[in-house]
Amino acid sequence: MAQKIFITGGAGFIGSHLAERLLGSGHQVFILDDLSTGAMSNIEHLIGREGFEYRIGSALDQGLVAEYVDRADLTVHLAAAVGVRLIVERPVHTIETNLGATTAVLEAAQRKGKRVFIASTSEVYGKSTAFPFREDGDLSLGATTRSRWAYACSKAMDEWLGFAFARERDVPVTVLRFFNTVGPRQTGRYGMVLPNFVRQALQNQPISVYGDGQQSRCFGHVRDAVESVERLIDAPNVNGEVFNVGADEEVSIEELAKRVRAAVGSSSDIVNIPYSEAYAEGFEDMPRRVPDCSKLEAATGFRPRTPLATIIEDVIADQKVKLANNED
Ligand code: UDP
């Protein structure tokens, strides 16, 4: 059934892919974005398409948010401060934006009992070692004196807030914990590893591996992430639930650098950069992060499986275009 879907942060990397997919399925899509980390170039190809509407504005603007939440059948709340570098550099902005925007969305949704999907992050698992991470597992965050954890904590608070509105005020809320999501349109400007490595390799510049490179991640294609979200929107019994959204092919960052270099055919050196130089003194990385995808698969019949080799190829193609156009 065609629905009206409101996406906050819809000009961002994940948001723009989601908007495109939902339009393709016949839904009406309204997006709101302040273009802080999103970009018009992400949505230019959607402007003028039937059923698509965009508004430049802040998800902290309660009036604006309420207007769109009211008009829509459901909201996918993606607007947030993202990117480890941005978060380490601007912790106040991170906390205020993440909690403020989620509050605005939930309060608006409460008035008419509208459905809300809240984007969260695998960062909330923090230093947990209960691999693979299950949605009902404990969270393990670092000290409050280390600003990296402000992001995880603000997103965990967004989750608590969502479930508080669900229990106390009957708002149908679903939480999506995105794992490392990569693919075309992701900019390297905020420090994300894959676009950075690909750009460095294409320019035959040193590939910057932070720390010893033995930390590992599972990279999911953004196409699979937005398919997961669409399927969860259509699935029964997802209210009040948390879902990991990610793939589970694990790779060390050193190995990722090697695979990117080989795929590009680059002559870049691979260099190790201490975390203190890359981020800040005392920065704590997560040594490992692996999702358990079984809950997503049970609810939707779908499991993200795009192989890393394909993901790398897609990012190379995208970065080549960006380089040719002098874009970040
Ligand atoms: N990283 C790296 N070089 C870079 C950017 C990131 O080695 O140029 C590392 C980073 O320290 C982390 C991993 O790659 O261990 C993934 O970083 P990203 O910021 O993409 O996502 P995170 O998993 O930290 O949310």
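Here, the structure is the one placed above.
What you see is a predicted model; the values in this text were computed from it and never measured.

Trainee: Outline the site of the ligand, listing residues and values.
Mentor: Around the ligand sit 19 residues in total, of which Ser208, Tyr210, Arg217, Asp285 and Arg289 are the nearest. One of the backbone nitrogen or oxygen atoms of Ser208 is found 2.7 Å away from a nitrogen atom of the ligand. Starting from 520 Å² of accessible surface for the ligand in isolation, the protein chains cover 94%. Elements represented by at least two residues in the shell around the ligand include exactly α7 (193–202) and β8 (207–210). Tallied by class, the residues present in the shell around the ligand amount to nine nonpolar, five polar and five charged.

Trainee: Explain the pattern of salt bridges to me, using residue names and the numbers behind them.
Mentor: Summed over the entire model, instances satisfying the criterion amount to 24 salt bridges. Across the pair Asp70 and Lys112 runs a salt bridge whose closest N-O atoms are separated by 3.5 Å. Taken together, the residues Asp70 in helix α3 (residues 62–71) and Lys112 in helix α5 (residues 91–112) connect sequence positions 42 residues apart. A relative accessible area of 54% places Lys112 in the exposed class. Between Arg217 and Asp285 there is a salt bridge, and its shortest N-O distance comes to 2.9 Å. With Arg217 in strand β9 (residues 216–218) and Asp285 in the loop between α10 (275–278) and α11 (294–300), the pair connects residues that are 68 residues apart, well separated along the chain. As far as the burial class goes, Arg217 and Asp285 line up, both buried. One salt-bridge network, in which partners are shared between bridges, spans Glu123, Arg148, Arg217, Asp285 and Arg289.

Trainee: Can you tell me about the side chain of Ser268, naming the residues and giving the values?
Mentor: By secondary structure assignment, the location of Ser268 is in the loop between α9 (253–264) and β13 (270–273). Residue Ser268 is classed as buried on the basis of its relative accessible area of 2%. Polar side-chain contacts of Ser268 include one of 2.6 Å to the backbone oxygen of Gln205. Apart from the residues within four sequence positions on either side, Ser268 is in contact with Gln200, Ala201, Asn204, Gln205, Ile207 and Arg261.

Trainee: Give me the packing of α7 against helix α12 (residues 308–324): which residues, what numbers.
Mentor: Closest axis-to-axis distance for the α7/α12 pair is 9 Å, and the angle between their directions is 65°. Handedness of the crossing formed by α7 with α12: right-handed. Residues Leu194, Pro195, Val198, Arg199 and Leu202 of α7 lie in contact with α12, whose contacting residues are Ile311, Ile312, Val315, Ile316, Gln319, Lys320, Lys322 and Leu323. Among the residues making up the contact of α7 with α12, the classes are represented as nine nonpolar, one polar and three charged.

Trainee: I'd like a description of a nonpolar patch on the surface, backed by residues and values.
Mentor: Residues Ile47, Tyr54 and Ile56 make up a contiguous nonpolar surface patch of about 250 Å² in total accessible area. By relative accessible area, which is 38% here, Ile47 ends up partly exposed.

Thresholds, definitions, all that
- Residues numbered from 1 in each chain as written.
- Predicted model: local features only at pLDDT ≥ 70, side-chain atom pairs only at ≥ 80, totals over all residues.
- Heavy atoms only, no water.
- Near = heavy atom within 4 Å.
- Polar contact = N/O pair within 3.5 Å; in protein donor to acceptor, adjacent residues only side chain to side chain.
- Areas by Shrake-Rupley, 256 points an atom, 1.4 Å probe, with all protein chains shown as cover.
- Helix = DSSP H or I, 4+ residues; strand = E, 2+ residues; numbered from the N terminus.
- Nonpolar A, V, L, I, M, F, W, Y, C, P; charged D, E, K, R; others polar.
- Salt bridge = Lys/Arg side-chain N within 4 Å of Asp/Glu carboxyl O.
- Buried < 20%, exposed > 50% of the residue type's maximum accessible area, 1.4 Å probe, protein only.
- Contact = heavy atoms within 4.5 Å.
- Axes fitted to C-alpha atoms, helices over the stretch in contact; angles between N-to-C directions.
- Left-handed = near helix turned anticlockwise from the far one by under 90°.
- Patch = residues over 30% accessible without salt bridge, like charges linked within 9 Å, V, L, I, M, F, W, Y side chains within 5 Å.

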